Every structure is written in C-alpha cells, then in structure tokens.
Amino acid sequence: MTDVMLLWETPLLFEKLFVEYGIKCQRVPAESISTPFLPPCRCLILPTGFANPAYTSTLKSVARNKNKIENFLQKGGAVVIFGPMVPEHGYDWLPFELKYVQEQGYGTVQRVAGYEDLCVIDKHATEVEYDGYFLNTDAKVVLKDANNRPLMIIKDVGKGKVIACSIHEFPSKDFLQCIVEMSSSCKI
C-alpha cells in the first residue's frame, strides 16, 4: 500500500525525504487522479509550485478533479498542500474558502497551542523560511508569522483533513508520520 502520493510529473528531490523517513511514497502525474487505476493511499501531497505553470501542469488536473479530492477527504484521506508559488491563489478546488498571497520571508514563527503534533517544522525550530501566507478562511491556524499571518492551516473535511502550509522547507519526519498515521487508506 502507498502511504503518500506526490502529485507531480517529474522526479523531485522531495521524494528522497520519504525514503529516508521510511514512508511509502509514489509520485504520480495529477492527471492520473481521473483514472480508476490508482492504488489507495493515505495522503495526497501537492509540492511547492503546484500552481505555477512554469514548473508543472498539476493545478489543471487537480481543479478538474475537485470532486474526487473532496470524496477522498470525506472518506478519511489527507491532502497536504505546500505554497503554490504564484502571486495569489484562490483554492476554488477545495471544499472551503482559502486564499494565498506570495511573500517570501524568513523569521520567527508562532505555534498555536493544541497542534504540536501536526506542525510541519521540527518542534525545536523557531525560525523558518516561508513563501507566503493565507487569508479568508475559517480553518484552524497552526503556525503564524511575526505579523500574525497564517503560515499553516488545518481544515477538517468529512473524516479527512486538508493541511495547507507555506513553509518553504522540508517537513519534519514527525509531521509526515503523524499525517500517515491519522489518515485512512482510501481510493481517490
């Protein structure tokens, strides 16, 4: 069984992280979401740059298959989304409102109490690089920048969770393992 599916067309350095952490990961092109041949998984990950056509065509297929993604979430799957790397992005393919504004930064982050296990950065890290922040959502905020802007949010959708994050660093092993453990294996 595959734990994580990375939605991307070409090999990524990011893939080696899963091997290092002992998490079963498969990279698949996003257009595969519409086929019945994908195996079940626990988590879909959209890597940094997923909405930027200079890097990938992932967003087109994700948007076209928003009903399948919502169904995956309803059944208990997790969707982890990193920064889109475009000036602004409205996540109209998600079943809730969320907006992203690109603004590169580095600095101290504030953790919101109650979400220590679901924090993308190592528990000892206090300063990180980020590529933007979020607006217009009722999702729970996990990390904020020094200006109180959300850098990481979580939203329950059915039995699953959407986790959006603008931290521009590799996620911690604890975070990825927590996502895999809390999610259900289901078909997209």
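S.K.: Even after reading the chapter, I still don't get the sheet that holds strand S5 (residues 88–90), so can you show me in this structure?
M.R.: Taken in spatial order, the three strands of this open sheet run S5-S6-S8, and their pairing is antiparallel. Among the strands making up the open sheet, the edge pair consists of S5 and strand S8 (127–135). Put simply, the sheet's adjacent strands are angled 40 degrees from each other on average, direction ignored. Bridging between strand S6 (residues 99–108) and S8 involves eight bridges; their strand directions are antiparallel.

S.K.: Whenever I open this one, the pairing of strand S1 (residues 4–7) confuses me. Can you help?
M.R.: Moving residue by residue along a regular strand, the side chains alternate between the two faces of the sheet. Of the two faces of S1, the one carrying Val4 and Leu6 and the one carrying Met5 and Leu7 are both buried. Relative to strand S2 (residues 25–28), S1 runs parallel, the two being bridged by four bridges. Following the sheet pairing, Val4 is matched in S2 by Cys25. You can see the chain leave S1, run along helix H1 (residues 14–21) and come back into S2, and the turn it takes is right-handed. Of the strand pairs in this sheet, S1 and strand S3 (residues 43–46) are connected by three bridges, and their pairing is parallel.

S.K.: Would you explain the sheet that holds strand S7 (residues 110–111) in this entry?
M.R.: Strand pairing in a sheet takes place through backbone hydrogen bonds and is either antiparallel or parallel in direction. Overall, mixed pairing links the eight strands, which are arranged S2-S1-S3-S4-S11-S10-S9-S7 in an open sheet. Each edge of the open sheet carries a strand with a single partner, namely S2 and S7. Across the sheet, H1 lies against S1, S2 and S3, angled at about 170 degrees from S1, the strand it touches most.

S.K.: Sorry, what's going on with unusual backbone geometry here?
M.R.: For residues other than glycine, phi is negative in most cases, and the peptide bonds are mostly trans. Phi is positive for Asn136, which is not a glycine, with a value near 50 degrees. With respect to the secondary-structure elements, Asn136 resides in the loop between S8 and strand S9 (140–144). Among the residues examined, Asn136 registers a relative accessible area of 46% and is labelled partly exposed.

S.K.: Is there a simple way to explain the environment of Thr108 in this structure?
M.R.: Of note, Thr108 is situated in strand S6. Take Thr108: its relative accessible area is 43%, and that puts it in the partly exposed class. Along the backbone, Thr108 and Ser183 are 75 residues apart, and their C-alpha atoms lie at a distance of 30 Å. Sequence-distant contacts of Thr108, defined by excluding residues within four places in its chain, comprise Thr126, Glu127, Lys144, Asp145 and Ala146.

Reading the values: the criteria
- Residues numbered from 1 in each chain as written.
- Predicted model: local features only at pLDDT ≥ 70, side-chain atom pairs only at ≥ 80, totals over all residues.
- Heavy atoms only, no water.
- Pairing = 2+ DSSP bridges.
- Helix = DSSP H or I, 4+ residues; strand = E, 2+ residues; numbered from the N terminus.
- Axes fitted to C-alpha atoms, helices over the stretch in contact; angles between N-to-C directions.
- Buried < 20%, exposed > 50% of the residue type's maximum accessible area, 1.4 Å probe, protein only.
- Right-handed = clockwise from strand over helix to strand, strands pointing away.
- Contact = heavy atoms within 4.5 Å.

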